[in-house]
Amino acid sequence: MYQTTNFIVLTGGPGVGKTTLLTALQRRGFNTVPEDARQIIKEQLETAGDGLPWKNKLRYAKLMLTASCVSYERQLSKNIDQYIFFDRGIPDTLAYINMEGLMIEEQLLQKAKKRRYHKKVFILPPWADIYENDNERKQTWQEAEDTFTVMKDAYEELGYETIEVPKITVAERVLFILKTLELKN
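(A) Structural context of the packing of aromatic side chains. Taken as a whole and assessed by the stated rule, the structure comprises seven aromatic pairs. Arranged with centres 5.2 Å apart and planes meeting at 75°, the rings of F7 and Y72 form a pair that is edge-to-face. Of this pair, F7 sits in strand β2 (residues 7–12) while Y72 is found in helix α3 (residues 57–77), placing the two residues 65 residues apart along the sequence. Between the aromatic rings of F86 and Y117, the centroid separation amounts to 5.3 Å while the plane-to-plane angle is 80°, which identifies the pairing as edge-to-face. Residue F86 is located in strand β4 (residues 84–87), and its partner Y117 is located in the loop between β5 (115–116) and β6 (120–124); the two are separated by 31 residues in the primary sequence. Taking relative accessible area as the criterion, Y117 reaches 1% and is therefore assigned buried. Following the ring pairs from residue to residue traces out a cluster consisting of F7, Y72, F86 and Y117.

Here it is in structure tokens:
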């Protein structure tokens, strides 16, 4: 099992401000890893692929799981002692697999579960005031709310401590995370 203490996950349903928060952390000098889902969806749309959550959920899940593991390994290979903030983690894909009732090869699931992040995971709750749909985000508001619950449960079942990030300004959210991690920056 690979357990890291410097890989920090920001998670939650769609449209809750994860990417904006990640950008703010990056501006403060932290290393960040963008969400794999948007890139996969963009590539699938550009190539007329079917690995999309609204076409072939199983293919999409496998692409996501593979990409998430690669992102994790890429950061691990850099041997950086600084904190690295991830826009979603491997357990997000495991939650999606469970939520959709998909059957994934057990070997692949076990491999994914062995890649561990910092024990504290920051989860952003649904926030109607900032929620928007776009070409890659097609979930309804109800799906966004349901995703939050499924993500929270998935991380907690894997032994992570989920910490809900308050619905406050981006700058205040950054400070909340840094204070929780006892970081000065």
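After that view of the structure, there is still more to cover.
(B) Structural view of empty space enclosed by the protein. Taken as a whole and assessed by the stated rule, the structure comprises two cavities of 30 Å³ or more. Forming the boundary of the largest cavity are 16 residues, of which D36, S68, D87, R88 and G89 lie nearest the centre. Elements that contribute at least two residues to the lining of the largest cavity include exactly α2 (36–46), α3, β4 and α4 (90–100). Taken together, the residues of the lining of the largest cavity break down into seven nonpolar, four polar and five charged.

(C) View of the pattern of salt bridges. A full pass over the atoms with the stated rule returns six salt bridges. Note that R59 is salt-bridged to D50, the shortest N-O span being 3.3 Å. In this structure, a network of salt bridges that share partners links the residues E35, R88 and D92.

(D) Up close: the sheet that holds β6. If you trace the five strands from one edge of the open sheet to the other, you get β3-β4-β2-β6-β7, paired in parallel fashion. Every other strand in the sheet has two partners, leaving β3 (31–33) and β7 (161–164) as the edge strands with one partner each. Neighbour to neighbour, the strand axes of the sheet diverge by 30° on average, direction disregarded. Two strands pair when backbone bridges link them, and β3 and β4 are joined in this way by three bridges, in the parallel orientation. By the bridge assignment, T32 is partnered in β4 with F85. Running over the sheet, helix α7 (residues 170–180) touches β2, β4, β6 and β7 and is turned about 160° from β6.

So, how was this worked out
- Residues numbered from 1 in each chain as written.
- Predicted model: local features only at pLDDT ≥ 70, side-chain atom pairs only at ≥ 80, totals over all residues.
- Heavy atoms only, no water.
- Phe/Tyr/Trp six-rings, centres within 6.5 Å; stacked < 30°, edge-to-face > 60°.
- Helix = DSSP H or I, 4+ residues; strand = E, 2+ residues; numbered from the N terminus.
- Buried < 20%, exposed > 50% of the residue type's maximum accessible area, 1.4 Å probe, protein only.
- 1 Å grid on protein atoms, 1.4 Å probe; cavity = no way out; pocket = protein on both sides within 12 Å on 5 of 7 lines; lining within 4 Å.
- Points joined across faces, edges and corners; volume = space filled by probe spheres on them.
- Nonpolar A, V, L, I, M, F, W, Y, C, P; charged D, E, K, R; others polar.
- Salt bridge = Lys/Arg side-chain N within 4 Å of Asp/Glu carboxyl O.
- Pairing = 2+ DSSP bridges.
- Axes fitted to C-alpha atoms, helices over the stretch in contact; angles between N-to-C directions.
- Contact = heavy atoms within 4.5 Å.

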